[in-house]
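Spelled out, the chains give:
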Amino acid sequence: MYGNAQIDSKDKAKSLTDGEDPIKLAEFEARITRGEKIEPKDWMPAAYRKQLIRMIEQHAHSEIIGALPEGTWITRAPGFRRKLALMAKVQDEVGHAQLLYSAAETLGKTREDMINDLINGKSKYSNVFNYPAMTWADTAIIAWLIDAGAIINQVTNSKGSYGPYCRALERICSEESFHLKYGHDNVVFLATGTAQQREMVQDALNRWWIPIMHFHGPPDKVSQHTEVLMKWKVKMATNDDMRYRFLDEYVPKIWDLGLTIPDPNLKKNETTGVWEYTEPDWEEFKRVINGDGPCNKERLQVRRWAEEKGAWVRRALLKAESKYTIPLA
Amino acid sequence: MNYNETQIKAVKEFLYKIADDQLIIGHRNSEWTGLGPLVEEDIAFSSIAQDKIGQAQHIYEILHSLGEADADTIAFTRNAAAFKSCHLVELPIGEYDFSLMRNFLFNHAEQIRFDMLANSGLEPLAKLAKKYRGEVKYHTMHANTWVRQLGKANEESHARMQTALNDTFNLALGIFEESEFADILKDLNIFPGEKVLQYKWIEAITPLLEQSMLVLPESSAWQPVYGGRKGFHTEYLEPMLEEMGEVFRLDPKAEW
Amino acid sequence: MSSIDPRINRLDLPTNEDGKNVLDELEQWETYEVFHQKKRGDQHVHVGIVHSANPELALIMAKETFGRRRQTANLWVVKSSAVTASDYEDQDIFETTPEKTYREASDYYCMDRIRKYQQEHGIKDRKEDRRKKKDLDNKEPVKKETAE
Ligand SMILES: [Fe+2]
Ligand SMILES: [Fe+2]
Ligand SMILES: [Fe+2]
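Looking at the overall build of chain B
On a plain count of helices and strands, chain B comes out with 11 helices and zero strands. Taken from N to C terminus, the helices and strands of chain B fall in the order α-α-α-α-α-α-α-α-α-α-α. Here the C-alpha atoms of chain B give a radius of gyration of 18 Å, agreeing with the 18 Å that 2.2 N^0.38 yields for 256 residues. Overall, chain B is about 55 × 45 × 30 Å in size when its C-alpha atoms are taken along their principal axes. Across the 256 residues that make up chain B, the buried fraction comes to 63%. Restricting the contact set of chain B to residue pairs at least 6 apart, pairs at least 24 apart contribute 82%. As presented, chain B carries roughly 9700 Å² of accessible surface, and 51% of it is formed by carbon and sulfur atoms. Here chain B carries 24 positive and 39 negative side-chain charges, and the mean point of each set is 6 Å from the other.

Right, here's the structure in full:
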């Protein structure tokens with residue numbers, strides 16, 4: 001759900017390739033099979049374009065909204081090293097939004113439309129950012145584990161078929177490695193610190209575990225649509241696949257620090273090699289994503305504040321003769 | 001350095017005031033992160049904030065080498081009365097016009113100060129001034145571009161920028177509050193004095209404001225807001241410092 | 001409303017319920033393509049775009065958007081609308097380009113011919129001694145290894 005393809009229930013009736021020119025479609029699919037990238041002005045099926053716009057746009061929104069929970073502690077980071085690193089980290093997230101909005105724009109949706117849709121609730125962003133960062137330790141958990149989840153998603157998607165999205169993700173991933181290291185370092189300091197620090201980080205982990213389990217989205221329903229999106233390299237892995245990869249890599253690292261994950265059923269099945277866990281409450285996930293989370297309202301209000309307060313700056317410099325062109329790449 | 005006690009005191013006070021200004025304005029600017037008028041500008045403004053805080057940290061480290069506490073303790077545990085920052089940097093971020101104009105006025109003073117310090121007799125300071133020359137230059141370029149463009153873009157932006165200038169100018173004059181140790185610093189060839197700096201600053205900003213169609217207040221109306229260098233601050237500084245040190249002060253023995 | 005973020009508590013937040021669009025068309029301005037040169041002597045390479053009202057501001061923005069994390073000597077910004085690009089549909093016009101080996105240095109090797117002629121006509125190979133020595137040098141370490 002962090003910029004992963006999902007099926008719109010309204011699309012269900014028709015096939016994703018209905019009405020497409022079969023010759024062009026075959027060429028398009030052959031190109032993807034050969035491992036070549038699709039570039040902005042190439043012919044592409046309408047469903048490919050639509051799905052990618054939705055996915056990249058949501059990813060961009062997740063970055064700009066994601067700057068808010070971590071920004072919560074930007075004025076309170078303890079010590080120069082953390083203060084500067086958190087500023088740089090949140091700045092990078094804003095930068096990721098910049099890169100992703102730009103990639104989505106090449107598909108024909110303007111940044112204005114995307115931001116309007118975000119603020120008016122027509123377009124979603126990652127569910128996790130609707131939860132509050134209650135203490136400094138929450139920012140540490142976010143920077144480590146939410147970014148870890150994001151990296152799994154982003155590395156996977158960077159092998160997709162759409163050129164501009166892959167290019168943006170490559171740069172993003174190189175910055176994410178700093179986020180991950182910073183986050184881990186931060187958690188390690190808390191977990192190996194004073195009793196109070198340890199308690200802070202354990203509490204934060206308890207608060208964030210469900211959002212983390214929600215991060216990659218509910219298990220995908222197997223459908224023809226999913227198959228097509230995978231063939232088109234829009235969807236590069238199932239939500240569960242990415243969740244398993246996350247658990248595989250990070251649960252042991254969490255346990256290394258002697259922290260407790262608040263799920264008694266969490267374990268790797270020795271014989272099957274599959275992670276077993278308590279299925280998180282997907283009803284809560286749906287509720288939160290549809291607007292009823294602890295911070296949805298504030299997040300969008302803040303975004304609206306930023307856009308409204310910046311309006312005079314943008315309008316002052318807007319020249320009457322300017323004309324919109326879709327960026328090249 | 002073979003400075004006597006008073007001389008060392010003079011040097012420390014001088015360093016504190018530069019670093020405190022940078023820390024506070026950098027902290028204030030960081031509040032814009034994620035809230036800027038355009039994502040690209042958000043990124044640029046955050047970099048400027050980071051630069052300022054990084055420079056402050058470096059100066060605190062020089063102070064540490066002169067026997068003061070370490071940089072984190074200096075920045076995150078002192079109370080307002082111990083700060084030597086001017087009032088200009090302490091005020092809340094306001095709207096973007098205010099924050100831009102504050103930066104414009106501050107950055108020019110800082111750039112000229114650093115230029116002067118590049119030849120300072122205090123070697124670590126001279127080195128520092130040279131090292132950050134490029135950072136500071138970008139900060140003034142950024143401010144000049146915005147002020148020049150918004151000053152003359154349309155009626156609203158012009159009015160906003162003029163109001164911001166009127167609101168910040170006397171505060172900015174507070175940057176140049178003279179120290180009781182000015183003569184010592186001059187004799188030691190460390191810094192020629194705030195008067196010289198202010199003179200050069202007016203020289204630098206006057207043509208830029210003219211190009212921006214903004215009017216500098218008449219010199220007869222100048223009323224510098226002093227006090228910051230002596231530890232008297234606006235009502236905003238203490239809560240800001242409490243906020244900044246909130247986590248750090250949770251447990252003074254903890255490592256974060 | 002009270003936020004956990006003290007910054008947010010200092011803002012006067014809007015109600016957010018009118019559902020109106022906040023942004024007008026083109027309010028985020030036009031786009032500029034950004035070209036980045038790592039160091040003097042290098043080519044400028046396209047790295048992305050920035051939104052800007054004019055080229056001067058575009059450079060100010062590009063500096064941090066694309067230059068904050070990498071070594072940079074120089075940046076160009078070009079309005080996206082000013083770039084004329086070839087069409088991917090016409091990518092086939094480049095198809096035979098790599099086949100035209102007659103333009104490649106690697107396609108020209110006539111030493112065999114020279115040597116054959118030298119042997120037939122008793123002309124001494126200028127580089128023969130050097131070549132023999134090189135062969136020996138290459139063999140020696142192998143010998144040592146087998147001796148051990
Ligand atoms: Fe992220
Ligand atoms: Fe990110
Ligand atoms: Fe990140």
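Describing the interface of chain C and chain B
Each partner contributes to the interface: chain C provides 18 residues, whereas chain B provides 20 residues. Carbon and sulfur atoms make up 61% of the surface buried where chain C meets chain B, a total of about 1700 Å² over both sides. Between R10 of chain C and E243 of chain B there is a salt bridge whose closest N-O contact spans 2.8 Å. Linking chain C with chain B are 10 residue pairs in polar contact (both at pLDDT 80 or more), by the criterion used here.

Quick notes on a positive patch on the surface
Residue and element names in this part refer to chain C. On the surface, R126, K127, R130 and K134 cluster together into a patch of positive charge. In this structure, R126 sits in the loop between helix 3 (111-121) and helix 4 (128-147). Relative accessible area serves as the criterion here: at 75%, R126 is assigned to the exposed category.

Brief notes about the coordination of the iron ion (ligand 2)
Put simply, the ideal angle at a metal is 109.5 degrees for four donors in tetrahedral geometry and 90 or 180 degrees for six donors in octahedral geometry. Residues and elements named next belong to chain A. At this site the iron ion (ligand 2) is bound by E63 (OE), E93 (OE), H96 (ND1) and E176 (OE), with donor distances of 2.0 to 2.5 Å. Around the iron ion (ligand 2) sit four donor atoms; with metal-centred angles ranging over 75 to 156°, the donor geometry is irregular. Donor residues for the iron ion (ligand 2) sit on one chain with the sequence pattern E-x29-E-x2-H-x79-E. The two metals, the iron ion (ligand 2) and the iron ion (ligand 1), are separated by 2.9 Å. Here the residue E63 occupies a position in helix 2 (residues 46-71), and H96 occupies one in helix 3 (residues 80-105), the gap between them amounting to 33 residues.

Some remarks on the confidence of the model for chain C
With 92% of its residues at a pLDDT of at least 70, chain C reaches an overall mean of 90. Interface scoring of the predicted complex returns ipTM 0.97; its pTM is 0.94.

What about unusual backbone geometry?
Positioned with a positive phi, K233 of chain A is a non-glycine residue whose angle comes to about 55°. Even without a glycine there, the phi angle at L26 of chain C is positive, about 65°. Of note, L26 of chain C is situated in the loop between helix 1 (6-9) and strand 1 (30-37). Look at L26 of chain C and you get buried, because its relative accessible area is 15%.

Brief notes about the interface of chain C and chain A
The interface of chain C with chain A comprises 48 residues on the first partner and 51 residues on the second. Carbon and sulfur atoms supply 55% of the area buried between chain C and chain A, which totals about 4500 Å² over both sides. Here chain C is connected to chain A by seven salt bridges. Note that D92 of chain A is salt-bridged to R69 of chain C, the shortest N-O span being 2.6 Å. Elements with a contribution of two residues or more to the side of chain C that touches chain A: helix 1, strand 1, strand 2 (44-52) and helix 2 (55-67) of chain C. Broken down by element, the side of chain C that touches chain A gets its largest block of residues, four residues, from strand 2 of chain C. The residue inventory of the side of chain C that touches chain A, partitioned by class, reads 19 nonpolar, 14 polar and 15 charged.

Observations concerning the pairing of strand 2 of chain C
Residues and elements named next belong to chain C. Pairing of strand 1 with strand 2 involves eight bridges; the strand directions are antiparallel. Bridge pairing in strand 2 places E30 opposite S52. Between the antiparallel neighbours strand 1 and strand 2 lie six residues, among them G41 with a positive phi of about 95°.

What to know about helix 1 (residues 22-33) of chain A
Residues and elements named next belong to chain A. With 12 residues, helix 1 extends 16 Å from end C-alpha to end C-alpha; this agrees with the ideal 16 Å at 1.5 Å per step. Among the residues of helix 1, those classed as buried are L25, F28, E29 and I32. Down the axis of helix 1, the buried side of the element spans an arc of 95°, and every buried residue falls inside it. Pointing more than 90 degrees away from the buried face of helix 1 are the exposed residues I23 and E27. Turning to helix 1, the residues buried within the fold contact helix 2 and helix 8 (224-231).

A word on the packing of helix 5 (residues 136-157) of chain A against helix 9 (residues 239-256) of chain A
Residues and elements named next belong to chain A. Running from N to C, helix 5 and helix 9 point in directions that differ by 145°, and their axes come no closer than 10 Å. The element helix 5 and its partner helix 9 pack so that their crossing is right-handed. Residue-level inspection shows W144, L145, A148, G149, I152, N153 and T156 of helix 5 in contact with helix 9, the latter providing M242, R245, F246, Y250, K253 and I254. Classifying every residue of the contact of helix 5 with helix 9 by side-chain character gives eight nonpolar, three polar and two charged.

Here's the deal with the packing of aromatic side chains
Residue and element names in this part refer to chain A. The full count for this structure, using the stated rule, is 22 aromatic pairs over all chains. Ring centres of F28 and W43 lie 6.0 Å apart, and the angle between their planes is 80°; this geometry places the pair in the edge-to-face category. Taken together, the residues span a long stretch of sequence, with F28 in helix 1 and W43 in the loop between helix 1 and helix 2 at a distance of 15 residues. With relative accessibility at 3%, the residue F28 sits in the buried group. Taking the relative accessible area as the measure of exposure, W43 reaches 27% and is therefore partly exposed. With centroids separated by 6.0 Å and ring planes inclined at 75°, the aromatic side chains of Y48 and W232 adopt a geometry described as edge-to-face.

Structural notes on the packing of helix 5 of chain A against helix 6 (residues 163-191) of chain A
Angle between the axes and distance between the axes: these two values describe a pair of packed helices. All names here are of chain A. Interhelical geometry of helix 5 versus helix 6 gives an angle of 150° and a closest axis separation of 8 Å. Judged by the inter-axis angle, helix 5 sits roughly antiparallel to helix 6. Between helix 5 and helix 6 lies a crossing of left-handed hand. Residue composition of the contact of helix 5 with helix 6, by class: 18 nonpolar, six polar and two charged.

Calculation notes
Residues numbered from 1 in each chain as written. Chains lettered and ligands numbered in written order. Predicted model: local features only at pLDDT ≥ 70, side-chain atom pairs only at ≥ 80, totals over all residues. Heavy atoms only, no water. Helix = DSSP H or I, 4+ residues; strand = E, 2+ residues; numbered from the N terminus. Rg over C-alpha atoms; globule rule 2.2 N^0.38 Å. Buried < 20%, exposed > 50% of the residue type's maximum accessible area, 1.4 Å probe, protein only. Contact = heavy atoms within 4.5 Å. Areas by Shrake-Rupley, 256 points an atom, 1.4 Å probe, with all protein chains shown as cover. Lys, Arg positive; Asp, Glu negative; His and termini not counted. Charge placed at Lys NZ, Arg CZ, Asp CG, Glu CD. Buried area = accessible area lost by both parts, 1.4 Å probe. Salt bridge = Lys/Arg side-chain N within 4 Å of Asp/Glu carboxyl O. Polar contact = N/O pair within 3.5 Å; in protein donor to acceptor, adjacent residues only side chain to side chain. Patch = residues over 30% accessible without salt bridge, like charges linked within 9 Å, V, L, I, M, F, W, Y side chains within 5 Å. Donors = N, O, S within 2.8 Å, 3.2 Å for Na, K, Ca; no water. Tetrahedral: all angles 85-135°; square planar, octahedral: opposite > 155°, others 65-115°. pLDDT = per-residue confidence, 0-100. Nonpolar A, V, L, I, M, F, W, Y, C, P; charged D, E, K, R; others polar. Pairing = 2+ DSSP bridges. Expected span 1.5 Å × (residues − 1). Arc of directions from axis to C-beta. Axes fitted to C-alpha atoms, helices over the stretch in contact; angles between N-to-C directions. Left-handed = near helix turned anticlockwise from the far one by under 90°. Phe/Tyr/Trp six-rings, centres within 6.5 Å; stacked < 30°, edge-to-face > 60°. Parallel < 35°, antiparallel > 145°, perpendicular 65-115°, else oblique.

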